[in-house]
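Spelled out, the chains give:
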Amino acid sequence: MENKMEWWKQTSIYQIYPWSFQDSNGDGIGDLPGILTRLDQIRDLGVETIWFSPFYKSPGEDFGYDISDYTSIDPRFGTMDDCDKLIREIHKRKMKVVLDMVMNHTSDKHPWFLESKSSKENPKRDFYIWHKGEKKVPNNWISMVGTSGWNYDETTDESYYSNFLSFQPDLNYRNPKVKKSMFGVLDFWLNKGVDGFRLDIFNSIYKDEGFRDNPSSFRYFPTPDNHDEAFFQKKQYNLNLPESFQFAKEVRKHISKYKQKPFLIGEVSGSDKILKSFLGEKADGLNLVFQFELIHFDYKAQFFKDLLEKNEREFPAPYTPTYVLGNHDQRRFIDRLGGDVRKAKVLSAFQFLARGIPVVYYGDEIGRKEGRIPNFFGKDPIAKMNRFVPLFLCNLLGIYINRDNCRLPMLWDTTEQAGFSKGKPWLPVGQFQTEDTVVYQKTKNDSLWNHYRSLFHLRKTSSVLKEGNIKTKLSHHADVLCFERTLGKIVVIVYLNFGEKEIKETVSKGSKLLYSFGGAEVLGDKLQLTGHSGAVFEIRLKK
Ligand code: GLC
Ligand code: CA
């Protein structure tokens, strides 16, 4: 059957955090030439699209999410030639490249901001949001990190606004010149052939023109999918503005003319209604948004059934849901599972077999574990802000502060620095066993790495899994999630056992086993599902 659906609706995404993937020159920081040496392995894993966290020129105070030049490569990561080569080599291997684009803010060392803050008359003054008036703190807006978003600057006796950290001043998208400059940046990269952008805190792009005060809320702690009511404040006027929904459409339209058919995936947060507003009523906004429900899963079949059904209700085709198990801001998912690899297999199988885009964070395919670095010793600016908050308290309250812990170097092999670097890594590799490394897991049939490899390949080669619709089915067992994917005359049936107990299911006649894991076995017309196992069947309908 000819495959007509847009490519980005069918892809799988693998996120690389460049600082921690592969160092090539012994300075302890991952780099582009290092990544180049690992591309064959990424292809062999079956990855279709690679998303890179930022490697543009940056002071690195927020590890690249504070950009000082959008069209050059930070020397710690390599050169523009390395980058061109990287894009070329990824394409040669039939994979796609997505860059991280921080449109909301720049670094305070960006020449635009240096000019902007130099005087009120500077032509770049209005590139940022300066509050003109007497008050240093003109309203009650709280940033996404829980502090006032206003930052007083002595040079001109005015305050500028930042919705994240104070060294990340927000650009002013009400100034047409800012839009034009940022579209120029997108063009620069699209002309180099990149296939899409991940849009950093896109929910923050516009702020209320009248600077109205936000109403209060009852909630203190933010969650990955809701910043909007945290710190006792509803972020009505500094997040998720209607102008931001509109801007999503503008960016989509702007990039659509490129022949590689690039796409946008937005980091936004809030209710499904808000996510949908970013996607557009006619699916004409951001192509995709990250959906973070799997970051706080409840490891029970019912949770995943509800999630599937909810996504089909709220985001039916042509919308494409996304399933995110981790990223560079969240506790590693294997740690959220208490280190249980069997459960990790069930969860990742869910992520790859459901209708939607699986987003995999580097290292999750080997069950890379969290670090235990206390906030006090954290390099992460959020950890520095909270340096006196002990780690046990964060764990007790279920809040995640020191993001260093999910950014530790990749574990390639059993050499001293796990094959990541010949020097001293910027973050410690930490303790690890032989079984934790890629090199070892590749040789073991039942390893997590081989499971991920099977899942990537299963999706890659199955148009039913890529394009088919989805329906949950009733199982007689509360611990089993069963769903069907259908395209034309082919049906793929998935069984996942979230319980400890062994369970038997009856298999329909004519089913062909495509994949099983965790000890699931077919005996006659019965599927024997051991605890935390799963199986995938295909049936070809006659009519
Ligand atoms: C996003 C990024 C995070 C960064 C922040 C500010 O949430 O994922 O790492 O610190 O935006 O750019
Ligand atoms: Ca390096």
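Computed from a predicted structure; not experimentally measured. (Residues numbered from 1 in each chain as written. Chains lettered and ligands numbered in written order. Predicted model: local features only at pLDDT ≥ 70, side-chain atom pairs only at ≥ 80, totals over all residues. Heavy atoms only, no water.)

1. Quick notes on the UniProt feature "domain: Glycosyl hydrolase family 13 catalytic" (unreviewed entry) in the protein chain
According to UniProt, the positions carrying the feature "domain: Glycosyl hydrolase family 13 catalytic" (unreviewed entry) are residues 15-407. Annotation note: span residues 15-407, helix share 30%, strand share 12%, distance between end C-alpha atoms 12 Å. (UniProt positions renumbered as here; feature names shortened; annotations may be inferred. Helix = DSSP H or I, 4+ residues; strand = E, 2+ residues; numbered from the N terminus.)

2. Description of the coordination of the calcium ion (ligand 2)
Protein coordination at the calcium ion (ligand 2): the donors are Asp23 (OD), Asn25 (OD1), Asp27 (OD), Ile29 (O) and Asp31 (OD), at 2.2 to 2.4 Å from the metal. One chain supplies every donor to the calcium ion (ligand 2), and in sequence these donors are spaced D-x1-N-x1-D-x1-I-x1-D. Under the relative-accessibility criterion, Asp27 is labelled partly exposed at 39%. Taking relative accessible area as the criterion, Asp31 reaches 2% and is therefore assigned buried. (Donors = N, O, S within 2.8 Å, 3.2 Å for Na, K, Ca; no water. Buried < 20%, exposed > 50% of the residue type's maximum accessible area, 1.4 Å probe, protein only.)

3. Brief notes about the layout of surface pockets
Quantified by volume, the largest pocket comes out at close to 1000 Å³. What lines the largest pocket is a set of 43 residues, and nearest its centre among them are Pro222, His227, Asp329, Gln330 and Tyr400. For the lining of the largest pocket, the elements supplying multiple residues, two or more each, are α10 (381-385) and α11 (391-397). Of the residues in the lining of the largest pocket, the class split is 21 nonpolar, 13 polar and nine charged. (1 Å grid on protein atoms, 1.4 Å probe; cavity = no way out; pocket = protein on both sides within 12 Å on 5 of 7 lines; lining within 4 Å. Points joined across faces, edges and corners; volume = space filled by probe spheres on them. Nonpolar A, V, L, I, M, F, W, Y, C, P; charged D, E, K, R; others polar.)

4. Points about the site of ligand 1
Around ligand 1, a shell composed of 13 residues is seen, among which Asp62, Asp200, Glu267, His328 and Asp329 lie nearest. Asp200 places a polar side-chain atom, nitrogen or oxygen, 2.7 Å from an oxygen atom of ligand 1. One of the side-chain N or O atoms of Arg403 is found 3.0 Å from an oxygen atom in ligand 1. Here ligand 1 loses 97% of its free accessible area of 310 Å² to cover by the protein chains. In a pocket analysis with a 2 Å cut-off to the grid points, ligand 1 is assigned to the largest pocket. Classifying every residue of the shell around ligand 1 by side-chain character gives three nonpolar, three polar and seven charged. (Near = heavy atom within 4 Å. Polar contact = N/O pair within 3.5 Å; in protein donor to acceptor, adjacent residues only side chain to side chain. Areas by Shrake-Rupley, 256 points an atom, 1.4 Å probe, with all protein chains shown as cover. Sits in = over half its atoms within 2 Å of the grid points.)

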